[in-house]
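Breakdown of the fold
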Amino acid sequence: MTQQPDVLIIGAGPSGLAAAVALRRSGVERVLVVDRESQAGGVPRHCNHTGFGLRDVRRVLTGPDYARRNVQLAEAAGVEILTNTMVTEWRGATGVRTTRPSGVLDIQAAAIVLATGCRERPRSARLVPGARPAGIFTTGALQQWVYLQRHPVGKRAVIVGAEHVSFSAVMTLKHAGLDVIAMLTDLPRHQSFLAYKLIGADRWRVPLLTNTRMSAILGKQRVEGVEIADVNTGAKRILDCDTVVFTGDWIPDHELARSGNLTMDSPSRSPQVDSLLRTSVPGVFAAGNLLHAADTADLAALSGRYVAESVVNYLQTQIWRDTDLIPITFDSAVRWVSPHVIQPDNEALPNHHLSLRVAVPLEKSTIEIWQGKQRLWARRYRRLTPNLPVYLPDTFLKEMRTAEAIRIIIRPSI
Amino acid sequence: MIYDVAIIGGGVVGSAIARELAQYELQVVLLEAQNDIGKSTSKANTAILHTGFDAKPGYLEQRLLRRGYELLRDYGAAAGIPIEPLGALLIAWDGAQYESLPKLRDTAHENGVTDVEIVSTEEVYRREPYLGQGVLGGLLVPGESIICPFTTPLAFATQAVANGVHLSVNSPVQAVQMDEDGLHSLILPNKTIRARYVINAAGLYSDTINRLFGHDEFTVTARRGELIVFDKLSRPLVNHILLPVPTKITKGVLISPTVFGNVMLGPTAEDLDDKTATGTTAQGMAALMQQGKRILPELLAEEVTATYAGLRAATEHGDYQIHVHPEQRYICVGGIRSTGLSASMGIAEYIVTQLGEVGLKLILRADFKAIRMPNIGEAFPRPYQSETMITRDSSYGQVICFCERVTLGEVRDAFHSRIPACDSDGLRRRTRAQLGRCQGFYCSAAVMALLSEETGQSIEKLTGVQA
C-alpha cells in the first residue's frame, strides 16, 4: 500500500507536531506525521514535571500536558498522525517504507521533514567499565519506567551527569521514592541553571561531585555499588548504590538521516542543514533536537514552526539550497554549531540564533564571529560551560559582505 | 526415573551432545546450573564459525573443528541459525606477520582447507578499502563465516527437547556418587538424578566436575576476552572477518561484522582466577580501541553499542580435554577453549560414537523431528519486513525494540517457545530486544512490562531489587 501526502513528517515530538500544525495553517493539504511510539507527543510524554511550553505556548505546562496539547492542536488542525509506525528504509529521495500493525506501508511525499529527536548515550557508549548487572538506566528509560509503566526502580541511586536533564532525573527518582546518593560530573561545575540545581538537587541535599567520573560499576546480578574517581588526582572510592542513571550526553537520533546518505555534520552528528533547515537532499528537511541535541522542548517546537515556512516555500517554488553555501568553521573550543551552513541571501536563522556548544569550560571569554578580515559580531561571557546551550543572535548575517567562510573563535576577554 | 545419559552443562557443547543423542531411542537429561541454555561462555564469544584452517594438525581439536564446521554450516541452514559466509582476511601489518603467511597457508592446506590463499596488498585494499595504512599483504580464508552465538545452542537444545530430552535448568551438580547397582547419582540442590552414563560438558567448571568423578587431568583457567560492539552504521566499513596474524609476540585482535549487522572489535586475552569475572576493564577497552584505530581508523568515529567480556575455558594443555572412562561410564568433555561454537557438532558426533563404543546401545529413532528457529539475523527476512506475517498477526507489525526492529509478536513467541525466555537476558538472546544502540532508552520499560506479565515474576524479582 502507498500513501501520498504532500508532506511527511517523521517523529511526533514537539518539533514534528509543531511543523505539522504550521504546515496545515499555511494551507498544505495533506500533512502526515508518523511515529514509532504507540502514543504521539515525544519525550515530554514521560517528563512528568513542569517547565514546558514557555517560549512556544507562552505558559508553563508539565511534560505530559504539553505533549497532549501538541497532539490535540495537530488533530484539530487536520494533521493525520500514524503511531506504531516505524520507518524502516528509504524508497527514493522523498519516500519511505514503514512497518505498522496493519502491514507494510510505503509513503511517497513531495517533501519530508526529519524530526527524529535525540537520545542519551547509554553506559556502553560511554565505555564505563565493570559488570553488567540490572539497575542501569538512562533518564529516558527511567522516566518511562516510573511514569508510563509504574515499575519499581531500586533504592539508592547515583546519577552520572549534571545537565538540565540530570536534575530531571533526580526529580523522577525522588518521585519513585529512591535516595539519590550523589550526582557526578567530570567537569568542574554543573551544566544547568542554578534554579534547576536548587529545585532539582539541593532541596534533597543531593551532593554534586564535580571533577569526578564513574570508573566502574560493581555487582553481578544487580548493581551493588560504583567506583568513582577524581579526574585530577585519580583517587578512587566506592559508593554504595543499587541504581545508576546515565543522563544527558546527547546524540541525535540520526540513523535515518545517515541511511538516506544525507550529508552529515560531523561535529554535531546531525544531518547538515542550511539556515532554512534544508538538508543535502532536495525535498528533505530536518528540525528540532535532531539538529541541536538537546535544547528544551519549546525551542524544538519553534524549530518545527520555522521549518514549516521553509517547506511551504519549497512546495511553491521547488527551489533548493545553493551548492555554494557559506560554511561555518570554528576552533577547538567549540564543539558544534547548528545550523551548519548558510545560504548567502538568508538574513535569519531558526529561532533567530546560531545554537552553539563549547567543548571545554571557559571563564571570561569572548566569542567572535569573523568573515575574512571583518569581525561581524562579538560578545563577552563570564563563563561558558559545555552542554549548556549558547545562542548567538543571527544579526551577524546582516553584516556579511562576502561569501567567504564564517569563522567562530573564542578568546580570553581582555 | 533412570536416565540412559545425563549431560552436565547446557552450553553450546552440552546442548549439541543432547541434540545428537536425541536421535536415538534413549532417555536423556540435560542439566544446566543457570536458569537458561547458553548463558555462560557460549553467549559471549566472537561469534565466528571457524573452518579450522589454523588449528594444530593432528590435534583432536583440529579434527572435530573441521567436522563441526561442515555439520554446523549445513545444520544452520536447515534450522534457521543465521550464518553469513563472509570469508576472513588475515592482515599482515609487519614483516614478521607477513613472513608467517606462507606457513599459515600451508597449515590450512594440510588441515584440508584448500581454498586458503595469500593475497597482495592491492587485493586486500580492494576488498577492504577502509583498512588503515601499512598493510603488507593478507591471507584469504573464504570459508570463515559469522554465526549467531545465541541461536546456535538454543537450536540444539530446542531440537533435543522437541525429541524427548529432559532439560533441567537451575540444576548445578553438587556431588556425584556411584551406587551399588552401578548407576550414577548426581546430587542437585533439590533432587537427585540417576543415570547410566554421564557426560561432563560443564565448560569453565568441567575441571571441578571432573574431580567429583575422581579425575584430575586438567585445570580450567578462565581466559577473559573483552569485546566492543560498534553501531550498525559502521557495518559498511567491513566486508570480511578481519583476523590478526598470530605471531610469537602478539596475538592481536579481530574486527568482524556480526549477524545482527554490527561490527565487533576484540577480544583481549587475560587469564583470571575468578570464573565469574565477566566485567570489562578500562585497560582492556583502551587497548582494543588503540588496536582498532590502526586496523580500521574510521570505526572509532562510530558510536559504541555494547561492551562485554566472555570467559574461555582454557587449560594447561593445547588440545581439548576429552577423556573417556569406560569403567565409570563417564566422559569428560573439557578444555574446549574458544573453538566450542564451531566444533560443537563435531564434538557431539564424536562423543556419541565414544558412548557407543563403551556400551551404550544406539538405536535410531524413526520419528526424529526437525526444527526451525525464528530468524534474528540481518541477512535473512525478519517479521517486520513481512507483509504476510503482519497480515496473519498484526503483532508482527508492532515494532517494540526500535533499534533492533523487534516486534511484539517475536517477543511473545520467545515466551511461548519450547525453551521459553525467563528473564531479560534470555529475551535478548532470543529476539535481540534491548541489544541495540539505545540500550533500552526507548523500549526497556515496555519490554519489562511484557516480561513481568508473561513470566508472572515481579519487576523487583526480575531486576534483583532488594525488598
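In short, a report on the structure. Model, not experiment: these values are computed from the prediction. Sequence order as written defines the numbering, with residues in each chain counted from 1. Labels are handed out in written order, letters beginning with A for the chains and numbers beginning with 1 for the ligands. Totals for whole chains, interfaces and linings use all residues, but because this is a predicted model, local features are given only for residues with pLDDT of at least 70 and pairs of side-chain atoms are given and counted only at 80 or more. With hydrogens and water stripped out, all remaining heavy atoms of the structure feed into the side-chain values.

**Considerations on the packing of helix α3 (residues 139-148) of chain A against helix α4 (residues 164-175) of chain A**
Residue and element names in this part refer to chain A. The condition that has to hold: Whenever a helix is involved, its axis is fitted only over the stretch in contact; in every case the axis is a line through C-alpha atoms, and angles between N-to-C directions fall within 0 to 180 degrees. Each helix is a run of DSSP H or I of at least 4 residues and each strand a run of E of at least 2, with the numbering of both proceeding from the N terminus. An angle counts as roughly parallel when it lies under 35 degrees, as roughly antiparallel when it exceeds 145, as roughly perpendicular when it falls between 65 and 115, and as oblique in every other case. Handedness of a helix crossing follows the sense of rotation of the near helix relative to the far helix, less than a right angle counterclockwise being left-handed and clockwise being right-handed. In this analysis, two residues are considered to be in contact whenever any of their non-hydrogen atoms come within 4.5 Å of each other. For this classification, the nonpolar set comprises Ala, Val, Leu, Ile, Met, Phe, Trp, Tyr, Cys and Pro, the charged set comprises Asp, Glu, Lys and Arg, and every other residue, Gly included, is treated as polar.
Running from amino to carboxyl end, α3 crosses α4 at an angle of 25 degrees, the nearest separation of the two axes being 10 Å. Between α3 and α4, the crossing angle belongs to the class labelled roughly parallel. The two elements α3 and α4 meet at a crossing, and its hand is left-handed. Between α3 and α4, the contacting residues are T139, L142, Q143, V146 and Y147 on the first element and V165, S168, A169, M171, T172, L173 and H175 on the second. Grouping the constituent residues of the contact of α3 with α4 by class yields seven nonpolar, five polar and no charged.

**Quick notes on a negative patch on the surface**
To keep things clear, this is the line we draw: The patch calculation keeps residues exceeding 30% relative accessible area without a salt bridge and links them within 9 Å when they carry like charges or within 5 Å when they are nonpolar (Val, Leu, Ile, Met, Phe, Trp, Tyr). In this description, accessible areas are obtained by the Shrake-Rupley approach with a 1.4 Å probe, and a residue is regarded as covered only by the protein chains that are shown. Every case where a carboxyl oxygen of Asp or Glu lies within 4 Å of a side-chain nitrogen of Lys or Arg is listed as a salt bridge. Under the convention used here, Asp and Glu are negative, Lys and Arg are positive, and both His and the chain ends fall outside the count. To locate a charge, take atom NZ for lysine, CZ for arginine, CG for aspartate or CD for glutamate.
Together, D322, D324, D345 and E347 of chain A make up a negatively charged patch on the protein surface. Checked against the element boundaries, D324 of chain A lands in the loop between α7 (297-317) and β24 (326-330).

**A few points about empty space enclosed by the protein**
All names here are of chain A. So the rule is basically this: A cavity here means a set of 1 Å grid points, computed over protein atoms only, where a 1.4 Å probe fits but cannot escape. A pocket is an open set with protein on both sides within 12 Å along at least 5 of 7 lines, and lining residues have an atom within 4 Å of a point. Grid points are joined across faces, edges and corners, and a volume is the space filled by probe spheres set on the points.
Summed over the entire model, instances satisfying the criterion amount to two cavities of 30 Å³ or more. Within this model, the largest cavity holds a volume of roughly 70 Å³. If you go around the largest cavity, the residues you meet are L277, L291, H292, S303, S338, P339, P350, N351, H353 and S355. A class-by-class count of the residues in the lining of the largest cavity yields four nonpolar, six polar and no charged. Considered as a void within the structure, the second largest cavity measures approximately 40 Å³ in volume. Classifying every residue of the lining of the second largest cavity gives four nonpolar, no polar and five charged.

**Describing the packing of aromatic side chains**
Just so we agree on the cut-off: Planes of paired rings set the category: under 30 degrees apart is stacked, over 60 is edge-to-face and the rest tilted, where pairs are Phe, Tyr or Trp rings (Trp by its six-membered ring) whose centres lie within 6.5 Å. A positively charged side chain is recorded as over a ring if its NZ (Lys) or CZ (Arg) lies within 6 Å of the ring centre. The angle to the ring normal must also be within 35 degrees.
Throughout the structure, instances matching the rule amount to 11 aromatic pairs over all chains. Centre to centre, the rings of F150 of chain B and F260 of chain B are 5.8 Å apart; their planes meet at 40 degrees, and the pair counts as tilted. With F150 of chain B in the loop between β8 (145-147) and α5 (151-162) and F260 of chain B in the loop between β15 (254-257) and β16 (263-266), this residue pair connects regions lying 110 residues apart in the sequence. Here the aromatic cluster, defined as three or more aromatic residues joined through ring pairs, consists of F285, Y314 and W320 of chain A. Taking NZ or CZ as reference, R278 of chain A lies 5.9 Å from the ring centre of W320 of chain A, over its face.

**Digging into the interface of chain A and chain B**
Our working rule: Polar contact is the term for a pair of N or O atoms within 3.5 Å; when the atoms are in protein, one must be able to donate a hydrogen and the other to accept it, and sequence-neighboring residues count only if both atoms are side-chain atoms.
Each side of the interface is counted separately: chain A has 45 residues, and chain B has 48 residues. Where chain A meets chain B, there are four salt bridges. The residue E303 of chain B makes a salt bridge to R269 of chain A at a minimum N-O spacing of 2.7 Å. If you look at where chain A meets chain B, you find 18 residue pairs in polar contact (both at pLDDT 80 or more). Taken together, the elements giving at least two residues each to the side of chain A that touches chain B come down to β7 (86-90), β8 (95-100), β9 (103-108), β11 (118-120), α3 and α6 (255-259) of chain A. Looking at the side of chain A that touches chain B element by element, the count peaks at four residues for α3 of chain A. Classifying every residue of the side of chain A that touches chain B gives 17 nonpolar, 14 polar and 14 charged.

**Overview of the sheet that holds strand β14 (residues 179-184) of chain A**
Hydrogen bonds along the backbone pair up the strands of a sheet, which may run parallel or antiparallel. Residue and element names in this part refer to chain A. As a reminder of what qualifies: By the convention used here, strands pair only if DSSP detects at least 2 bridges between them.
An order of β12-β19-β13-β14-β15 is seen for the five strands of this open sheet, with the pairing classed as parallel. This sheet does not close on itself; its edge strands, each paired only once, are β12 (136-138) and β15 (208-209). Here β12 pairs with strand β19 (residues 243-246) via three bridges, running parallel. Note that in β19 the partner of I136 across the bridge is V244. Strands in contact with α3 are β12 and β19; relative to β12, the strand with the most contacts, it is inclined by about 100 degrees. Lying on the sheet, α4 is in contact with β13 (156-160), β14 and β19; it crosses β14 at an angle near 170 degrees.

**Observations concerning the sheet that holds β7 of chain A**
All names here are of chain A. Ordered by their spatial adjacency, four strands build an open sheet running β1-β9-β8-β7, and the pairing between neighbours is mixed. The sheet is open, and its two edges are formed by β1 (2-3) and β7, each paired on a single side. As judged from the two bridges shared by β1 and β9, these two strands associate in the parallel manner. Considered in β9, the bridge of Q3 is made with I107.

**Some remarks on the pairing of strand β12 (residues 192-200) of chain B**
Moving residue by residue along a regular strand, the side chains alternate between the two faces of the sheet. All names here are of chain B. Two strands pair when backbone bridges link them, and strand β1 (residues 2-8) and β12 are joined in this way by six bridges, in the parallel orientation. Looking at the pairing, I8 lines up with N200 of β12. The pairing of strand β11 (residues 184-187) with β12 spans four bridges and is classified as antiparallel. Across the sheet, the residue bridging to H184 is A195, located in β12. Following β11, the chain reverses through four residues before pairing antiparallel with β12.

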